[in-house]
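The residues making up each chain are set out below.
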Protein chains: 2
Amino acid sequence: MNSTSTLVKMILDRWSSALQSCDKLLNSLTDEQLNQATAPTKNNGIYILGHLIAVHDDMIRLLGFGEKVVPAYFDVFIKAPYSADATLPNAAELRLNWTKMNEVLSQKMNALSEANWLEAHTAVSAEDFAKEPHRNKLNIILTRTTHLTYHTGQLTLLNR
Amino acid sequence: MNSTSTLVKMILDRWSSALQSCDKLLNSLTDEQLNQATAPTKNNGIYILGHLIAVHDDMIRLLGFGEKVVPAYFDVFIKAPYSADATLPNAAELRLNWTKMNEVLSQKMNALSEANWLEAHTAVSAEDFAKEPHRNKLNIILTRTTHLTYHTGQLTLLNR
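All names here are of chain A. With 18 residues, helix 3 (residues 45-62) should reach 26 Å at 1.5 Å per residue; the first-to-last C-alpha distance of 26 Å fits that figure. Across the 18 residues that make up helix 3, a large majority, 17, are buried. The N-terminus of helix 3 is capped by Asn44, whose side-chain oxygen sits 3.3 Å from the backbone nitrogen of Ile46. Of the residues one or two after helix 3, Gly64 is the one with positive phi, at around 65°.

Spelled out as structure tokens, the structure:
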């Protein structure tokens, strides 16, 4: 295995592992726990789960994978900040879309070759990419992995 | 820039960026906020900050960088779980050691070449590393980056 293959594997493994940990945590949380605030005045579990789904859905766009799975979540869980007064989708709907999202992403991701991962993502111009080759598809995985662990750290506080 | 260099840069940049975000957050939190629990019954900010310092100190060992900066933190912040009754170092001491830790690590890390990053870390045998080349020094950076963002997500809840 050459060093590029090793590094690509490291980043993809880190994503899979972070996703698996979050999924395991979500399965351990009740709907009631998801409806609680992570900390006084802060986002509840429902909002964070919806936010993760919306951010992962946006990866479909950035990675050139086709149509989004739940485009309506963008406005609700990215554009709008959390409000305790807002009516949000319920836990059952979110759990379903979380699973669907993971399946779609995983299927599309598995179809990419190592060379594909090093190609530009869809939000960078060819001109910029020539100068900044780190703005590749794999960097989307890397930055969304740290985004995922950031919020997993918060969701784990609901386990009380 | 070849693909290996690009990928090494991506991972090192992600670490630096995560560290910078956490540092900025810590500077925005008062000592009083650090002494609060992130969520009911959960770790307070003091314990999380001490835990991050201890885990980063252990990177010195894993990366073969020499002597630890605050070896005593291992027992207090990794071996022992958080207890509201425990007497922990105060915020001033922790802030000082956090800064010192970042300086030492950053200095040692800057001295490594790309080839060095792809070498085995100190907790893997030569035999295992031959079969599992992803157990390199850079993977320590990658896994500690997601560890850092996980806890940064929790610390940010103290900002209330």
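Turning chain A through 180° and shifting it by 0.0 Å along the axis lays it on chain B, with an RMSD of 0.0 Å. Interpreted geometrically, this transformation is the action of a two-fold axis. No C-alpha of chain A lies nearer the rotation axis than that of Tyr150(A), which sits 2.1 Å from it. The share of interface residues of chain A whose copies in chain B are also at the interface is 97%, consistent with both copies meeting through the same surface.

Moving on: the interface of chain A and chain B. The interface of chain A with chain B comprises 34 residues on the first partner and 33 residues on the second. Buried surface at the junction of chain A and chain B, both sides included, amounts to about 3000 Å², of which 74% is carbon and sulfur. Area buried by chain A at its contact with chain B is led by Leu7(A), Met10(A) and Leu157(A), which between them contribute 19% of it. Counting every contact that joins chain A to chain B gives 0 salt bridges. At the boundary of chain A and chain B, one finds 12 residue pairs in polar contact (both at pLDDT 80 or more). Among the secondary structure elements, those contributing two or more residues to the side of chain A that touches chain B are helix 1 (3-28) and helix 8 (137-155) of chain A.

Below, the discussion takes up the packing of aromatic side chains. A full pass over the atoms with the stated rule returns 6 aromatic pairs over all chains. Here a set of aromatic residues connected by ring pairs shows up, and it is made of Tyr47(A), Tyr73(A), Phe77(A) and Tyr82(A).

Moving on: the side chain of Asn139(A). When you line up the elements, Asn139(A) lands in helix 8. A relative accessible area of 15% places Asn139(A) in the buried class.

The pLDDT averaged across chain A works out to 97; a share of 100% of its residues lies at or above 70. The complex prediction reports pTM at 0.97, with the ipTM value standing at 0.97.

Another aspect to go through is the pattern of salt bridges. According to the stated counting rule, one finds 14 salt bridges over all chains in the structure shown. As a salt-bridge pair, Glu132(B) and Arg135(B) come within 2.7 Å of each other at their nearest N and O atoms. A relative accessible area of 26% places Arg135(B) in the partly exposed class. Connected through salt bridges with shared partners, the residues Asp58(A), Arg61(A) and Lys68(A) form a single ionic network.

Rules and cut-offs
Residues numbered from 1 in each chain as written. Chains lettered and ligands numbered in written order. Predicted model: local features only at pLDDT ≥ 70, side-chain atom pairs only at ≥ 80, totals over all residues. Heavy atoms only, no water. Helix = DSSP H or I, 4+ residues; strand = E, 2+ residues; numbered from the N terminus. Expected span 1.5 Å × (residues − 1). Buried < 20%, exposed > 50% of the residue type's maximum accessible area, 1.4 Å probe, protein only. Polar contact = N/O pair within 3.5 Å; in protein donor to acceptor, adjacent residues only side chain to side chain. Least-squares fit on C-alpha atoms with pLDDT ≥ 70 in both. Contact = heavy atoms within 4.5 Å. Buried area = accessible area lost by both parts, 1.4 Å probe. Salt bridge = Lys/Arg side-chain N within 4 Å of Asp/Glu carboxyl O. Phe/Tyr/Trp six-rings, centres within 6.5 Å; stacked < 30°, edge-to-face > 60°. pLDDT = per-residue confidence, 0-100.

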